Amino acid sequence: MSDRPFALKLLLIDPDPIFRLGLRVALETIPHLQILADVPTDTEALQVLAEIAASELKQVNLIVLELGNGSSTDSQQLGLQFCRQLKALYSHIPILLLSSVSTQEMLLAAQNTGVNGYCPKGISISELVPIIEELVNGGYYWLGTTGIVNSSTSHLPFAKLRNHIRLSGINHINHTLTAVTAQLKIPGLPLLDKAILAGHRRELLAARWLVNHLLAAPEERQLTQTSPPLPLSIPYPNLIAQPESQQIQTSVPPLMSPKALQSTLFASCINKLQFPLPNLTDIPLEIDILREDKKRELLYIILQQVSQQLNELSKSQVKIQQLPDLRNQILNNLWQSAIKDFYIQLSQINVGDVNIEIANFLLNNAVGVETEILNKIPLIEELFSYLLWRTDLYIDNMSYSAGSEPANSQGSMILENLLIQIANGVLQPVLNFLADVETIKQNLYDRHFISTREIERFRNNLSWKYRLNNYVNEPQAIFESRYELFIFGPRGIAKISIYSPRNQELAKLSGVPLMVTLLLEFRDAIAPRLQSLLSFLGTGIFFILTQIIGRGLGLIGRGILQGIGSVALTEKTQKRQKEQTK
């Protein structure tokens with residue numbers, strides 16, 4: 001992201017990558033807010049602050065953090081210690097506690113450490129932005145504690161109970177709304193299902209607005225009503241979106257900024273990543289070996305890296321004509337950054353008697369990742385051009401106007417495939433060199449892939465996949481001018497096929513892949529004639545069997561039956577005559 005001279009610069013600290021990414025995407029659409037960094041741990045936050053303090057060109061106006069992990073008491077106590085440390089080192093930087101913590105004692109303890117404000121996770125972006133401005137300007141905001149500065153209702157009876165009921169109801173509505181919104185974005189949804197889901201979504205939006213306003217304190221309602229409409233409301237489980245009248249429409253205006261366009265696609269991915277993530281295709285994927293929580297964590301990390309890569313490209317003022325030359329560099333940057341972030345908790349492992357740094361080892365032993373995975377990810381230039389310069393998308397033999405709902409749907413599919421393929425690249429060197437290391441198995445693998453036998457079977461399936469892709473599937477896809485994309489569906493990872501011209505790749509085929517295309521062409525040429533010949537022969541054989549042989553057999557059978565009947569009749573007559581003579 002390019003520096004904004006007059007923007008308020010924030011540092012986000014939260015262990016939940018889903019919430020952190022959703023909050024960043026939402027806040028970065030506000031013109032006068034800039035996210036300098038978002039980190040999961042206290043240690044990384046102190047490192048970022050130290051780097052910023054050493055730079056004369058940057059400063060932090062506000063630290064937004066969660067108190068520990070928001071659940072365990074021990075973690076919250078450590079969070080309080082961290083707040084004291086921040087106030088001791090950087091007393092001039094205000095702190096906003098954006099947390100799921102709701103106990104009165106813990107909030108008062110946070111206030112006593114010098115924290116400048118508190119808001120619960122679940123507050124709307126339209127409410128959050130004025131609070132951020134208030135704290136940066138030297139004010140305080142404590143919602144739901146006895147030390148409230150900006151709320152006069154804290155001493156009223158049942159105020160805390162009312163606020164708890166409001167947040168609980170809104171969180172439940174948001175959870176359902178997220179699922180419904182994600183289903184509406186599924187490609188190829190039947191018209192009737194889409195109409196039903198759209199009606200359900202409108203009902204949820206209305207219910208959320210009513211709960212938020214009827215159970216809110218008077219000054220909270222006033223704050224919401226006087227706050228200016230924001231350009232984007234991101235559908236995210238822990239962030240309350242605005243009423244439908246303030247939301248962006250499904251058909252995005254053509255003049256929408258690139259940043260808002262990026263936020264729309266990222267929000268779609270975040271929604272879909274709430275779904276289960278089993279592989280529903282007949283093609284094995286490297287990430288199939290991961291537990292579902294680790295699979296989701298890896299995909300979130302890559303999505304965040306895509307966001308940062310777009311910011312860096314925008315900041316460096318790259319021209320659209322340079323994208324083809326930068327394609328491989330962009331993919332390598334995403335892959336390398338994802339490896340470093342994903343394996344950070346396993347930083348060092350013991351392999352035999354050797355202690356290795358896993359990230360560096362994997363980066364230095366990534367044989368085949370670039371040729372087998374990264375270089376084959378399709379439509380990267382089209383996706384980044386769309387997100388940075390709002391160019392129209394030409395996909396599946398159709399042109400989609402930038403910012404339109406169909407264009408966003410196509411862009412989301414390309415982005416989802418990018419995330420899945422980069423994730424495969426992150427796992428590929430592990431499966432090649434460290435697949436059976438016990439530390440890795442215990443921390444990452446699904447329980448079905450714990451045994452050495454299952455791991456080897458999984459690796460063999462992947463090897464066959466690469467051979468089949470190189471010699472059969474990929475040449476066939478090139479010859480048929482199509483790409484296969486992996487996308488997030490409501491039941492798991494699915495596969496779709498889209499049309500895209502691949503004439504240049506077809507001209508470069510040689511050896512076995514070229515032979516496959518020639519065989520396909522020969523099959524297409526001979527198949528109609530062969531079918532006609534077989535049809536003719538089949539008709540002739542059918543005629544001979546039924547009309548000639550069948551009738552002949554029928555006549556013979558009839559004669560036999562008649563002969564048997566005549567003999568039986570004769571014997572019966574003779575027997576009757578003998579009885580009469582007696």
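Peer 1: What exactly am I supposed to notice about the nonpolar core here?
Peer 2: Note that soluble globular proteins tend to have their nonpolar side chains buried in a common cluster. Counting residues in hydrophobic clusters, the biggest one holds 87 residues, and the most contacted among them are Tyr343, Leu415, Leu418 and Val426. Here Leu415 is in contact with Leu265, Phe266, Cys269, Leu303, Val306 and Leu383, once residues within four sequence places are set aside.

Peer 1: Sorry if this is basic, but what is going on with a nonpolar patch on the surface here?
Peer 2: Nonpolar side chains collect at one region of the surface, where Leu468, Tyr471 and Val472 lie side by side and expose about 260 Å² of accessible area between them. Looking at the secondary structure, you find Leu468 in helix 17 (residues 452–479). Overall, Leu468 belongs to the partly exposed group, its relative accessible area being 45%.

Peer 1: How do you make sense of unusual backbone geometry when you look at a structure like this?
Peer 2: Peptide bonds are, in most cases, trans, and in most cases residues other than glycine have a negative phi. Here the phi dihedral of Leu379 falls at roughly 60 degrees; this positive angle occurs in a residue that is not glycine. Position of Leu379 among the secondary structure elements: in the loop between helix 13 (369–372) and helix 14 (380–389). In this structure Leu379 comes out as buried when scored by relative accessible area, which is 7%. The backbone phi angle of Arg390 is positive, close to 55 degrees, even though this residue is not glycine. One can find Arg390 in the loop between helix 14 and strand 9 (393–395).

Peer 1: Quick question: what am I supposed to make of helix 15 (residues 405–433) here?
Peer 2: In an α-helix, one turn spans 3.6 residues; hence positions three or four apart end up facing the same way. The terminal C-alpha atoms of helix 15, which comprises 29 residues, lie 43 Å apart, in line with the 42 Å expected from a rise of 1.5 Å per residue. Of all the bends found along helix 15, the most pronounced is centred on Leu427 and spans about 30 degrees, while Pro429, a proline, follows it within four residues. Burial within helix 15 is extensive, with 24 of its 29 residues counted as buried.

Rules used throughout
Residues numbered from 1 in each chain as written. Predicted model: local features only at pLDDT ≥ 70, side-chain atom pairs only at ≥ 80, totals over all residues. Heavy atoms only, no water. Core = buried A, V, L, I, M, F, W, Y, C linked by side-chain atoms within 4.5 Å. Buried < 20%, exposed > 50% of the residue type's maximum accessible area, 1.4 Å probe, protein only. Contact = heavy atoms within 4.5 Å. Patch = residues over 30% accessible without salt bridge, like charges linked within 9 Å, V, L, I, M, F, W, Y side chains within 5 Å. Areas by Shrake-Rupley, 256 points an atom, 1.4 Å probe, with all protein chains shown as cover. Salt bridge = Lys/Arg side-chain N within 4 Å of Asp/Glu carboxyl O. Helix = DSSP H or I, 4+ residues; strand = E, 2+ residues; numbered from the N terminus. Expected span 1.5 Å × (residues − 1). Bend = angle between axes of the 7 residues up to and from the residue.

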